[in-house]
Amino acid sequence: MKDKTKAILSGRDPEAHHGAVNTPVYHASTILYPSLDAIRGRAPMEYTYGRAGTPTSRALETAITELEGGAGCVLTPSGASAVALAILSVVKTGDHVLMVDSAYKPTRRLCDNFLKKMGIETEYYVPTIGADISAKLRDNTSLIFTESPGSQTFEVQDIPAICAVAKAHNIKTAIDNTWASPLYFDPFSHGLDLSVQALTKYVVGHADALIGSVAANAENLKALKDTHAQLGHCAAPDDIYLALRGLRTLPTRLAQHQSSALEIATWLNGLSFVDDVLYPALPGAAGHDLWQRDFKGATGLFAVRLAPCSEDQLAAMLDNMRLFGMGYSWGGFESLIVPASVQRTAEPYEETGQLLRLHIGLEDVEDLKADLADGFARAGYTG
Ligand SMILES: *Cc1c(COP(=O)(O)O)cnc(C)c1O
């Protein structure tokens with residue numbers, strides 16, 4: 001079955017729910033055991049306690065696993081908690097973690113504060129490092145964490161090269177796979193051990209629920225599930241329902257996000273005051289070759305670097321947009337624009353100019369272009 005069909009069928013079992021097309025929302029903490037044998041564990045029960053799973057959470061876990069691959073997955077209350085869980089399922093005090101320098105900012109904050117406090121050292125590496133990651137390995141390196149394309153700057157990482165080095169040294173690898181969604185990059189066939197999704201973004205798809213997932217290959221699933229249980233992470237039933245509902249239309253929505261984003265990126269690339277378009281799907285853009293080799297598609301999030309402008313000029317543009325809203329998160333049906341801010345420690349970030357991050361939503365492309373063009377004009381950009 002192709003992904004488009006899997007997205008419709010996976011995790012659904014109408015017969016088990018009186019014919020209802022969608023898996024119902026089970027609100028449960030207590031689950032009653034039918035016998036002493038059952039509560040003693042002699043007669044295994046599929047469901048034992050709300051935090052450990054309900055038919056609602058199983059449905060989404062099944063669907064994400066079928067689409068993203070791997071041996072199984074767990075759900076978390078947010079994408080940020082999924083990142084933390086993936087890392088904590090691997091590391092222990094005294095370890096060294098290699099973290100990509102283009103990581104999502106809250107991931108950096110976790111490393112620089114919480115992990116540090118636990119006696120775990122984080123070293124940042126340049127996103128384009130590839131097989132040269134081998135030079136960074138230490139005896140106590142336990143995890144290489146990747147995010148591709150990177151947050152804000154969209155560098156594509158050579159994941160197979162990094163994973164080959166990691167495997168040769170028995171080091172675990174993880175990816176924050178949110179940009180690609182469970183559809184457009186297959187983490188496990190590229191060699192990764194763990195894959196994080198902020199389902200908040202494209203899977204929920206409607207800017208209204210926070211939820212995350214971590215999927216693992218067979219070798220790492222037990223540690224992942226144990227850590228998940230020990231931390232008491234679980235996602236809320238209504239949010240799981242929204243993710244399941246979003247998932248059904250994910251392939252169709254993504255196809256539109258992709259084609260609209262590519263059209264707008266191509267248009268932006270031709271404007272005289274646009275210095276760079278950071279969108280790996282755009283021919284000629286940084287990372288395009290790796291993207292073409294490893295990805296099955298592109299989503300609607302990218303950045304554009306404009307010639308420098310003042311804060312007043314920027315305000316004239318951003319304060320008056322008609323369609324592009326200014327706000328964090330992305331992956332919903334609506335377009336967003338935010339000034340990007342880049343934090344780097346592996347090597348200094350040399351690029352100047354005004355970096356804007358765009359999320360291209362499902363509005364009409366010509367309307368979106370007109371909104372951007374008017375904004376550029378307000379900021380004093382011409383040509
Ligand atoms: C948004 C995001 C997250 C965090 O997701 P939340 O659900 O907002 O906690 C993690 N990683 C990436 C790359 C993201 O863009």
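Look a little higher up for the structure.
Since we're looking at a predicted model, the values are computed, not measured.

1. A short note on the environment of P182
- Assignment of secondary structure puts P182 in helix α7 (residues 181-184).
- Spatially, the C-alpha atom of P182 lies 10 Å from that of S213, the residues being 31 residues apart in sequence.
- Not counting residues within four places of it along the chain, the set of residues in contact with P182 comprises I64, L67, E68, Q197, V203 and L250.

2. Examining the sheet that holds strand β4 (residues 141-147)
- Across the sheet, seven strands lie side by side as β1-β7-β6-β5-β4-β2-β3; this open sheet has mixed pairing. A strand with exactly one partner marks an edge of an open sheet, and here the two such strands are β1 (72-76) and β3 (121-125). Each strand of the sheet is rotated relative to its neighbour by a mean of 20°, with strand direction disregarded.
- One ladder, built from five bridges, connects strand β6 (residues 194-198) with strand β7 (residues 212-216); its direction is antiparallel. Across the sheet, residue V196 finds its bridge partner in β7, namely V214.

3. What about unusual backbone geometry?
- The amide bond that connects S148 to the next residue, P149, takes the cis arrangement and shows omega of -5°.
- By secondary structure assignment, the location of P149 is in the loop between β4 and α6 (159-168).
- The phi angle at Q152 is positive, at roughly 70°, despite the residue not being glycine.
- With respect to the element layout, Q152 can be found in the loop between β4 and α6.
- By relative accessible area, which is 18% here, Q152 ends up buried.
- At N170, a residue that is not glycine, the phi angle is positive and equals roughly 60°.
- Residue placement: N170 occurs in the loop between α6 and β5 (172-176).

4. Remarks on helix α4 (residues 79-88)
- Of all the 10 residues making up α4, eight are buried; the element is thus mostly covered by neighbouring parts of the structure.
- Burial in α4 covers these residues: G79, S81, A82, V83, A84, L85, A86 and I87.

5. What to know about the pairing of β7
- Most of β7 sits out of view: five of its five residues are buried.
- Residue alternation in β7 divides its side chains into two sets, G212, V214 and A216 and S213 and A215, and both sets are buried.

6. Observations regarding the pattern of salt bridges
- A complete count under the given rule lists 19 salt bridges for this structure.
- Between K136 and E123 there is a salt bridge, with its nearest N and O atoms 3.3 Å apart. Residue K136 is found in the loop between β3 and β4, and its partner E123 is found in strand β3; the two are separated by 13 residues along the sequence.
- Under the relative-accessibility criterion, E123 is labelled buried at 18%.
- The network of salt bridges with shared partners includes E121, E123, K136 and R138.

7. What about the packing of aromatic side chains?
- Tallying each qualifying case throughout the model produces eight aromatic pairs.
- For the ring pair Y202 and W330, a centre distance of 5.6 Å and an interplane angle of 65° mean the geometry is edge-to-face. Here W330 lies in the loop between α12 (311-318) and β10 (336-339) and Y202 lies in the loop between β6 and β7, a separation of 128 residues in the sequence.
- In this structure Y202 comes out as buried when scored by relative accessible area, which is 1%.
- Connected via pairs of aromatic rings, a cluster forms that spans W267, F273, F376 and Y381.
- The residue whose ring lies beneath R108 is Y124, and the NZ or CZ to ring-centre distance is 4.0 Å.

Rules behind the numbers
Residues numbered from 1 in each chain as written. Predicted model: local features only at pLDDT ≥ 70, side-chain atom pairs only at ≥ 80, totals over all residues. Heavy atoms only, no water. Helix = DSSP H or I, 4+ residues; strand = E, 2+ residues; numbered from the N terminus. Contact = heavy atoms within 4.5 Å. Pairing = 2+ DSSP bridges. Axes fitted to C-alpha atoms, helices over the stretch in contact; angles between N-to-C directions. Buried < 20%, exposed > 50% of the residue type's maximum accessible area, 1.4 Å probe, protein only. Salt bridge = Lys/Arg side-chain N within 4 Å of Asp/Glu carboxyl O. Phe/Tyr/Trp six-rings, centres within 6.5 Å; stacked < 30°, edge-to-face > 60°. Lys NZ or Arg CZ within 6 Å of the ring centre and 35° of its normal.

Honestly, that's just the spatial picture; any functional story needs more than this.
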